[in-house]
Amino acid sequence: MGERIVRIGGAAAFWGDSEEGAAQLLRSGPLDYLVFDYLSEITMSILARLRARDPTGGYVPDFVAIVGRLLPEIARSGCKLVANAGGVNARACGAAIAKLAAEAGTRLKVAVVLGDDLLARSDELKSAGVREMFSGAAYPAKVMSANAYLGATPIAAALAAGADIVVTGRVVDSAIVLGPLMHEFGWRANDYQRLAAGSLAG
C-alpha cells in the first residue's frame, strides 16, 4: 500500500499578497486544500478599525472576492479551503462566502470558527486583573479588539462536520495547515510528535 499524501497549497501569506496565487495553485494540479493566512497584529488592528466604522465589516474582503471568482472551480475540484480571513468578524465573512456559494449554484458548505473574539468580555478581563504581559500595565480603559489565539482542533472539527470552506478569526498561523492534517490523518490532541510535524509544515 502506498504512502498517503495530502496536498496543501498556500494561497496567501498576508493581506495584500497576490490574488493570483489561489487560481494558479488550483489549476496546477490536484489539491486537497488551499489555505490562506491573512492575519498579523497590524492587520487585526486595521480590521478592528473597519469594524468600528461598519459593524458588518472587519474581515478580509480580498478573500471573499478571490473565492467568489473561483467557486465553480473549487466545487468541481473538491478542494477544500481554510482561511483566517474572518479577522474580527468571522461570522460576517462566512455569511458573505455562503451567499456567493448559493448564488453560484454550488452546494459548498461553509463553517465559521468562533471563540477567539473576547471584546465583549473586556469588563470581565479588567475585573479579573488582566495586565499587559510584559510591562505589567493595567488593562486599557478603551479596547478596540481583544482576541485569543485558537488552535487547529476547531478547524479539524469543522472539516469532520463536512465543511468545504472553513473561515476563522484569530488562530495560530500553523493551525490552517495542522487542522486539515489532524482531520485527514485522525491525529488526536496527544499525538505530540505528529502534531509537531504538522505544525512545522504549517
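How each quantity is defined
Residues numbered from 1 in each chain as written. Predicted model: local features only at pLDDT ≥ 70, side-chain atom pairs only at ≥ 80, totals over all residues. Heavy atoms only, no water. Helix = DSSP H or I, 4+ residues; strand = E, 2+ residues; numbered from the N terminus. Contact = heavy atoms within 4.5 Å. Buried < 20%, exposed > 50% of the residue type's maximum accessible area, 1.4 Å probe, protein only. Pairing = 2+ DSSP bridges. Core = buried A, V, L, I, M, F, W, Y, C linked by side-chain atoms within 4.5 Å. Phe/Tyr/Trp six-rings, centres within 6.5 Å; stacked < 30°, edge-to-face > 60°. Lys NZ or Arg CZ within 6 Å of the ring centre and 35° of its normal. Expected span 1.5 Å × (residues − 1). Bend = angle between axes of the 7 residues up to and from the residue. Axes fitted to C-alpha atoms, helices over the stretch in contact; angles between N-to-C directions.

The next point concerns the environment of L159. Within the secondary structure, L159 is located in helix α6 (residues 153–160). Leave out the neighbours within four places in its chain, and L159 touches Y33, K80, V166, G179, P180 and H183.

Moving on to the pairing of strand β5 (residues 165–168). Side chains of β5 alternate between two faces, with I165 and V167 and V166 and T168 buried alike. Pairing of strand β3 (residues 80–83) with β5, which is carried by three bridges, proceeds in the parallel orientation. Its bridge partner lying in β5, L81 is registered against I165.

Attention now moves to the nonpolar core. L34, F36, Y38, F63, V67, L81 and I165 are the most contacted members of the largest nonpolar core, which has 33 residues in total. Those elements that place two or more of their residues in this core are β1 (8–12), α1 (21–27), β2 (33–36), α2 (41–53), α3 (61–77), β3, α4 (90–103) and β5. No other element matches α3, which puts seven residues into this core. Residue contacts for V67: discarding those within four places in its chain leaves I74, L81, I97 and I165.

Most of helix α7 (residues 175–185) sits inside the fold, with eight of its 11 residues counted as buried. By the burial criterion, the buried members of α7 are A175, I176, V177, L178, G179, P180, L181 and M182. Those residues of α7 that are buried are in contact with β1, β2, β3, α6 and α8 (192–201).

Attention now moves to the environment of L114. Following the sequence through the fold, L114 ends up in the loop between β4 (110–113) and α5 (122–127). Placed 40 residues apart in sequence, L114 and P154 show a C-alpha to C-alpha distance of 8.8 Å. Not counting residues within four places of it along the chain, the set of residues in contact with L114 comprises A90, R91 and L150.

Glancing now at the packing of aromatic side chains. The final tally for this structure, using the stated rule, is four aromatic pairs. With a centroid separation of 5.0 Å and 75 degrees between ring planes, the pair formed by F36 and F63 is classed as edge-to-face. Of this pair, F36 sits in strand β2 while F63 sits in helix α3, placing them 27 residues apart in sequence. Each member of the pair, F36 as well as F63, carries the same accessibility label: buried. Between F185 and W187, the ring centres sit 5.5 Å apart and the planes meet at 20 degrees, which makes this aromatic pair stacked. Taking relative accessible area as the criterion, W187 reaches 17% and is therefore assigned buried. Within the aromatic cluster, the residues linked to one another by ring pairs are F36, Y38 and F63. The ring centre of F185 lies 5.2 Å from the NZ or CZ of R4, which sits over that ring.

So, on to the side chain of R170. One can find R170 in the loop between β5 and α7. When near neighbours in sequence (up to four residues on either side) are disregarded, R170 contacts L39, S40, E41, M44, G87, D116, N147, A148, Y149 and L150.

Now for α3. If you check α3, its first and last C-alpha atoms are 23 Å apart, about what 17 residues at 1.5 Å a residue would give, namely 24 Å. In the structure, α3 departs most strongly from a straight axis at L70, where the bend amounts to approximately 65 degrees and where the proline P72 lies between one and four residues downstream. By the burial criterion, the buried members of α3 are F63, V64, I66, V67, L70, L71, E73 and I74. Residues of α3 that are buried in the fold lie against α1, β2, β3, α4 and β5.

What follows concerns the sheet that holds β1. Taken in spatial order, the five strands make up an open sheet running β1-β2-β3-β5-β4, and their pairing is parallel. Here the strands that pair on one side only, and so sit at the sheet edges, are β1 and β4. Recorded for the sheet is a direction-independent mean angle of 20 degrees between the axes of neighbouring strands. Pairing of β2 with β3, which is carried by four bridges, proceeds in the parallel orientation. The residue of β3 that forms the bridge with Y33 is K80. Each of β2, β3, β4 and β5 touches α6; the most contacted strand, β5, lies at about 150 degrees to it.

Shape is all these values report; function is a separate question.
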